[in-house]
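# A closer look at the structure
Each chain, letter by letter, is given below.
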Amino acid sequence: MELPFAENYKIKMVETIKRSTREEREQWIKDAKYNLFNLKSNQVFIDLLTDSGTGAMSDKQWSELMLGDESYAGASSYYKMKDAITNILGFEYFLPTHQGRAAENVLFSTLVKQGDIVPGNSHFDTTKGHIEFRKATAIDCTINEAFDTENTHPFKGNVDLNKLEKVINEHGADKIPFIIITVTNNTAGGQPVSMQNLRDVKKLADKYTIPVLYDSARFAENAYFIKTRETGYADKSIKEIVREMYTYADMMTMSSKKDAIVNMGGFIAMKDKTLFEKASMFNIVFEGFITYGGMSGRDMNALAQGLKEATEFEYLETRIKQVEYLGKQLIDYGIPVQHPIGGHAVFINALKFLPNVPRNEFPAQTLAIELYKEAGVRGVEIGAIMADRDPVTRENRYPDLELVRLAIPRRTYTNNHMDYVAAALINVFDRRNAIKSGYKIIKEAEVLRHFTVELEQL
Ligand code: F0G
């Protein structure tokens, strides 16, 4: 008999989670103004809201916490983090920040000004928020294949080089402070970017002397897909692939809450000393002195250890196979999801799942609420609510995809939990035709409204 796949870890500590009744959940979500971010965590049984900061640290990471050096300046923890960044990612200069969006804030304060254009592949919402907040414009140049959920292109996170060059020619290179590549492309479904594409974007950027920035939250998962899908990389180690990826980047921002497997943390890394010096000033103003930048010494230690673990093939294989395990069950039942299954999450196509709910009644949010009511599973809307209004016209923006994301925290749930989630979604799918209306917004913030939006059931 062929041996089945099994996780490359065993469990040393557990946390109890609580089941609830449908009646309780109906009341709780109503009290939460139908915003899943407003729920208390103990009102959720399986929490797939995000894979950010929600993973389980290893025994080695926990022991690193005890070795943290909390000195204000020059802590050994800073140097531990610096070594990990230099050895694994190849950058000489770096600044710690308290999380990914803080890295964006510091770096964009240095580089982005009013009227600038920042092309990229489906900018994450905080990234876009930090661009638009500076009255600059983010332009999505992701390949068209990414917007067809049935298409099985192996690298749906890729940048379309023609779209990119058109943007450069239309606006002029001097208006473009950098090109941003998100690895993996979260918004398009946790989809990877190929090494070839990274190489090609760098070549094009060099032609116009534009720097390249990687938004690197899930860089290791991206490397796993390069190894398993791209010709010429099967025999290379994840660490070798990561090193090559970053030879095509000038700088990076990192939310360490994902592929560094810590609960909180981030950083900026760059090759250019002058940029490091300019960004240092903003880091001191916004985050803290340059050798801690919003992080405790213990957290910098755990982060350094996390970077090493996340770039091991066995770790990544365990992680990504669990996401696939859930995705496959949904696909086998005919539930419309983004193909192929992404690195950190399964993305459900809400327009196909709930065709009777009009777009202006937010089908993805409606589906996320139905799934919560059904089984206490919390996912997140990646659709028109998250897309915010157009900053100029103030009209709702309707993105090409209207998705519910079920993000799987790292090393946290078992495959029994995945079976439970699949069954819950199947139950909602079986009664999908009876769901004919959604929600209307009664209160919203100007940017990043999905975090605090209040809704009313129609
Ligand atoms: N970039 C990407 C691609 C992200 O996915 C995130 C966060 C950030 C930047 C910002 O990092 O949260 O540390 O400030 N994504 C989380 C998510 C919130 O649920 O996907 P942060």
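Residues numbered from 1 in each chain as written. Predicted model: local features only at pLDDT ≥ 70, side-chain atom pairs only at ≥ 80, totals over all residues. Heavy atoms only, no water.

We now examine the nonpolar core. Ranked by size, the top nonpolar core spans 61 residues in total, and within it Leu89, Tyr214, Phe219, Met245, Tyr246 and Phe267 carry the most contacts. A domain-level breakdown of this core finds at least three residues from each of domain 1 (22–51 + 314–457) and domain 2 (59–310). Those residues in contact with tyrosine 246 that sit more than four places away from it in its chain are Leu89, Phe91, Val183, Tyr214, Ser216, Phe219, Met252 and Lys271. (Core = buried A, V, L, I, M, F, W, Y, C linked by side-chain atoms within 4.5 Å. Buried < 20%, exposed > 50% of the residue type's maximum accessible area, 1.4 Å probe, protein only. Domains from an automatic or database assignment. Contact = heavy atoms within 4.5 Å.)

Checked against the element boundaries, threonine 253 lands in strand β7 (residues 251–255). With near-sequence residues (within four places) excluded, threonine 253 lies in contact with Ala103, Glu104, Leu107, Leu213, Tyr214, Asp215, Ser216 and Phe267. (Helix = DSSP H or I, 4+ residues; strand = E, 2+ residues; numbered from the N terminus.)

This part covers the packing of helix α12 (residues 313–332) against helix α15 (residues 415–430). The geometry of α12 relative to α15 is characterised by a closest axis approach of 9 Å and an angle of 25 degrees between their N-to-C directions. In this view, α12 runs roughly parallel relative to α15, as classed from their interaxial angle. The hand of the α12/α15 crossing is right-handed. For the pair α12 and α15, contact is made by Gln322, Tyr325, Leu326, Gln329 and Leu330 and by Asn415, Met418, Asp419, Val421, Ala422 and Leu425, respectively. Here the residues of the contact of α12 with α15 sort into seven nonpolar, three polar and one charged. (Axes fitted to C-alpha atoms, helices over the stretch in contact; angles between N-to-C directions. Parallel < 35°, antiparallel > 145°, perpendicular 65-115°, else oblique. Left-handed = near helix turned anticlockwise from the far one by under 90°. Nonpolar A, V, L, I, M, F, W, Y, C, P; charged D, E, K, R; others polar.)

A word on the environment of isoleucine 284. Tracing the chain through its elements places isoleucine 284 in helix α10 (residues 273–286). Along the backbone, isoleucine 284 and glutamate 104 are 180 residues apart, and their C-alpha atoms lie at a distance of 14 Å. When near neighbours in sequence (up to four residues on either side) are disregarded, isoleucine 284 contacts Phe289 and Ile290.

A few words now on the site of the ligand. Taken together, 16 residues lie around the ligand, and Thr50, Arg101, Ser255, Lys258 and Arg405 are the ones closest in. Taking arginine 101, its side chain carries an N or O atom lying 2.6 Å from an oxygen atom of the ligand. Here the ligand has 470 Å² of accessible area as a free molecule, and 94% of this is covered by the chains. In terms of residue count, the dominant contributor to the shell around the ligand is helix α4 (residues 100–111) (three residues). Partitioning the shell around the ligand into residue classes produces one nonpolar, eight polar and seven charged. (Near = heavy atom within 4 Å. Polar contact = N/O pair within 3.5 Å; in protein donor to acceptor, adjacent residues only side chain to side chain. Areas by Shrake-Rupley, 256 points an atom, 1.4 Å probe, with all protein chains shown as cover.)

In this section: the domain arrangement of the protein. Segmentation of the protein into domains returns domain 1 (22–51 + 314–457) and domain 2 (59–310). Put simply, the middle of domain 1 and the middle of domain 2, counted by C-alpha atoms, are 26 Å apart. In this assembly, 30 residues from domain 1 lie in contact with 35 residues from domain 2. A buried area of about 2700 Å², summed over both sides, lies between domain 1 and domain 2, and 54% of it is on carbon and sulfur atoms. Taken together, the connections running from domain 1 to domain 2 amount to seven salt bridges. Taking the shortest distance from any N to any O, the salt bridge between glutamate 309 and arginine 411 comes out at 3.0 Å. Of all the elements in the fold, those that place two or more residues in the side of domain 1 that touches domain 2 are α12, β9 (345–349) and β12 (403–407). Of the residues forming the side of domain 1 that touches domain 2, the biggest block, five residues, is contributed by α12. (Buried area = accessible area lost by both parts, 1.4 Å probe. Salt bridge = Lys/Arg side-chain N within 4 Å of Asp/Glu carboxyl O.)

Let's shift gears to α12. Taking 1.5 Å of rise per residue, the 20 residues of α12 would be expected to cover 28 Å, and the 27 Å separating its terminal C-alpha atoms lies within 8% of that figure. Close packing links the buried residues of α12 with α8 (219–229), α9 (238–247), α11 (297–310), β9, β12 and α15. Glycine 334 lies just past α12 and shows a positive phi near 90 degrees. (Expected span 1.5 Å × (residues − 1).)

The next subject is unusual backbone geometry. That bond from valine 183 to threonine 184 is cis: its omega, -20 degrees, falls within 30 degrees of zero. Residue placement: threonine 184 occurs in the loop between β5 (179–182) and α7 (195–207). Of note, the bond from histidine 339 into proline 340 is cis; its omega dihedral lies within 30 degrees of zero at -20 degrees. Within the secondary structure layout, proline 340 lies in the loop between α12 and β9. The phi torsion at isoleucine 261 lies on the positive side, around 50 degrees, for a residue other than glycine. Of note, isoleucine 261 is situated in the loop between β7 and β8 (266–270). Note on isoleucine 261: relative accessible area 2%, which makes it buried. The phi torsion at arginine 411 lies on the positive side, around 60 degrees, for a residue other than glycine. Here arginine 411 is to be found in the loop between β12 and α15.

Extensive coverage of β8 is indicated by the burial of five of its five residues. Side chains Gly266, Ile268 and Met270 of β8 all project onto a buried face; the interleaved residues Phe267 and Ala269 project onto the opposite face, where all are buried too. Bridge count for strand β2 (residues 93–97) against β8 is five bridges, and the pairing is antiparallel. Within the sheet, the bridge partner assigned to threonine 97 lies in β8 and is glycine 266. Where β7 lies against β8, five bridges are found, and the strand directions are antiparallel. Each residue of the ladder has a partner; that of methionine 251, found in β8, is methionine 270. (Pairing = 2+ DSSP bridges.)

Pairing in this open sheet of three strands is antiparallel, and the strands run β9-β12-β11 from one edge to the other. Each edge of the open sheet carries a strand with a single partner, namely β9 and β11 (380–382). With direction set aside, neighbouring strand axes in the sheet form an average angle of 30 degrees. In the sheet, β11 pairs with β12 via three bridges, with the strands oriented antiparallel. Paired with isoleucine 382 across the strands is leucine 403, a residue of β12. The strands that α12 touches are β9 and β12; relative to β9, the one it contacts most, it runs at about 25 degrees.

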